[in-house]
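An overview of the molecular structure
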Amino acid sequence: MGKIKSRKVRWEPSPTEGVRYRLYWSIGGGVDYYSDHADVGNVTEVMIPKDIPSFPLTSGRFELGISAINQAGNESELTKAIVHVDFTVPEAPQTLVIEEM
């Protein structure tokens, strides 16, 4: 397993008190309430993929969406952004050798 550099995703908080947030994603676009998602709690930033282990480790165009969820379970509209991410790792070098001089 290689080392993957995380990216920070952040948003302005909802003016509604006591909400938690849900981050949605869709590869290629078209993010909606049926897309893959993760509940991230009462924070206004996360590191992907570090903070969201289910985030796909691939490269490409993603549409992200963030929603606020109140204590009754009602969910806001999605705030969306289209981003390009690359969470792939290069192939490792081969055959490491040490020689005496």
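Residues numbered from 1 in each chain as written. Predicted model: local features only at pLDDT ≥ 70, side-chain atom pairs only at ≥ 80, totals over all residues. Heavy atoms only, no water.

1. Considering the overall build of the protein chain
Keep this limit in mind: Runs of E in the DSSP output that reach at least two residues are strands. Runs of H or I that reach at least four are helices, and both are numbered from the N terminus. Computation of the radius of gyration draws on C-alpha atoms alone. For the globule rule, the value is 2.2 Å times the number of residues to the power 0.38. Remark: exposure states derive from per-residue accessible area (1.4 Å probe, protein chains only) relative to the maximum for the residue type, with buried under 20%, exposed over 50%, and partly exposed in between. Contact definition: two residues touch when any of their heavy atoms are within 4.5 Å. For accessible areas, the Shrake-Rupley method is used with a probe of radius 1.4 Å. Any residue's cover is judged against the shown protein chains and nothing else. When charges are tallied, Lys and Arg are placed among the positive residues and Asp and Glu among the negative ones, while His and the ends of the chain are skipped. One atom stands in for each charge, and that atom is NZ of Lys, CZ of Arg, CG of Asp or CD of Glu.
Of the regular secondary structure elements, the protein chain holds zero helices and six strands. Traced from its N-terminal end to its C-terminal end, the protein chain shows the element sequence β-β-β-β-β-β. Against the globule reference of 13 Å for 101 residues, the protein chain gives a C-alpha radius of gyration of 18 Å, more extended than a compact globule. Counting only residues that meet the buried cut, the protein chain has 32% of its 101 residues in that class. Within the protein chain, contacts between residues at least 6 apart in sequence are counted, and of these 60% link residues at least 24 apart. Roughly 7400 Å² of accessible area belongs to the protein chain as shown, and the carbon and sulfur atoms make up 50% of that amount. Of the charged side chains in the protein chain, 10 are positive and 14 negative, and the gap between their average positions amounts to 4 Å.

2. So, the pattern of salt bridges
The criterion, for reference: Any Lys or Arg side-chain nitrogen found within 4 Å of a carboxyl oxygen on Asp or Glu counts as a salt bridge.
The tally for this structure, following the rule as stated, stands at three salt bridges. Between Glu45 and Lys8 there is a salt bridge whose closest N-O contact spans 3.9 Å. With Glu45 in strand β4 (residues 45-48) and Lys8 in strand β1 (residues 7-10), this pair connects stretches of sequence that are 37 residues apart. Here Asp39 makes a salt bridge to Arg22, at a shortest N to O gap of 2.5 Å. Here the residue Asp39 occupies a position in strand β3 (residues 36-41), and Arg22 occupies one in strand β2 (residues 20-27), the gap between them amounting to 17 residues. You can call Arg22 buried: its relative accessible area is 16%. Taken together, the shared-partner salt bridges connect Arg22, Asp39 and Glu75 into one network.

3. Comments concerning the sheet that holds β3
Short version of the rule: When DSSP finds two or more bridges between two strands, those strands count as paired. To get an axis, fit a line to the C-alpha atoms, keeping to the stretch in contact for a helix; angles then go from 0 to 180 degrees between the N-to-C directions.
A sheet is described by the order of its strands in space; here four strands give the open sequence β3-β2-β5-β6, paired in antiparallel fashion. Edge positions in the sheet fall to β3 and β6 (79-86), since each has one partner strand and no second. Put simply, the sheet's adjacent strands are angled 25 degrees from each other on average, direction ignored.

4. What about the side chain of Ser6?
The line we're drawing: Whenever a nitrogen or oxygen atom comes within 3.5 Å of another N or O atom, the pair is scored as a polar contact, on the condition that within protein one atom can donate a hydrogen and the other can accept it, and that pairs from neighbouring residues in sequence are kept only if both atoms are in side chains.
Residue placement: Ser6 occurs in the segment before β1. At 3.5 Å, the side chain of Ser6 forms a polar contact with the backbone nitrogen of Lys50.

5. Quick look at the nonpolar core
Generally speaking, soluble globular proteins have nonpolar side chains that are buried together. Where we set the bar: Here the nonpolar core consists of buried residues drawn from Ala, Val, Leu, Ile, Met, Phe, Trp, Tyr and Cys, with membership extended through side-chain atoms lying within 4.5 Å.
Membership of the largest hydrophobic core comes to 18 residues, with the highest contact counts inside it found for Leu23, Val46, Ile48, Ile52 and Phe55. Elements supplying a minimum of two residues to this core: β2, β3, β4 and β5 (59-69). Here this core takes four residues from β5, the largest share from any one element. Val46 has contacts with Arg7, Lys8, Val9, Trp11, Leu23, Val40, Asp51 and Ile52, leaving out every residue within four places of it along the chain.

6. Description of the packing of aromatic side chains
Put simply, the test is: Aromatic rings from Phe, Tyr and Trp, with only the six-membered ring used for Trp, were paired whenever their centres fell within 6.5 Å, and each pair was classed as stacked if the ring planes differed by under 30 degrees, edge-to-face if by over 60, and tilted otherwise.
The tally for this structure, following the rule as stated, stands at five aromatic pairs. Their ring planes at 50 degrees and their centres at 5.0 Å tell us that Trp25 and Phe55 sit as a pair that is tilted. One end of the pair, Trp25, is in strand β2; the other, Phe55, is in the loop between β4 and β5, and 30 residues separate them in sequence. Side by side, Trp25 and Phe55 carry an identical accessibility label, which is buried. An angle of 25 degrees between the planes, with centres 5.2 Å apart, marks the rings of Phe55 and Phe62 as stacked. Pairwise contacts between aromatic rings join Trp25, Phe55, Phe62 and Phe87 into one cluster.

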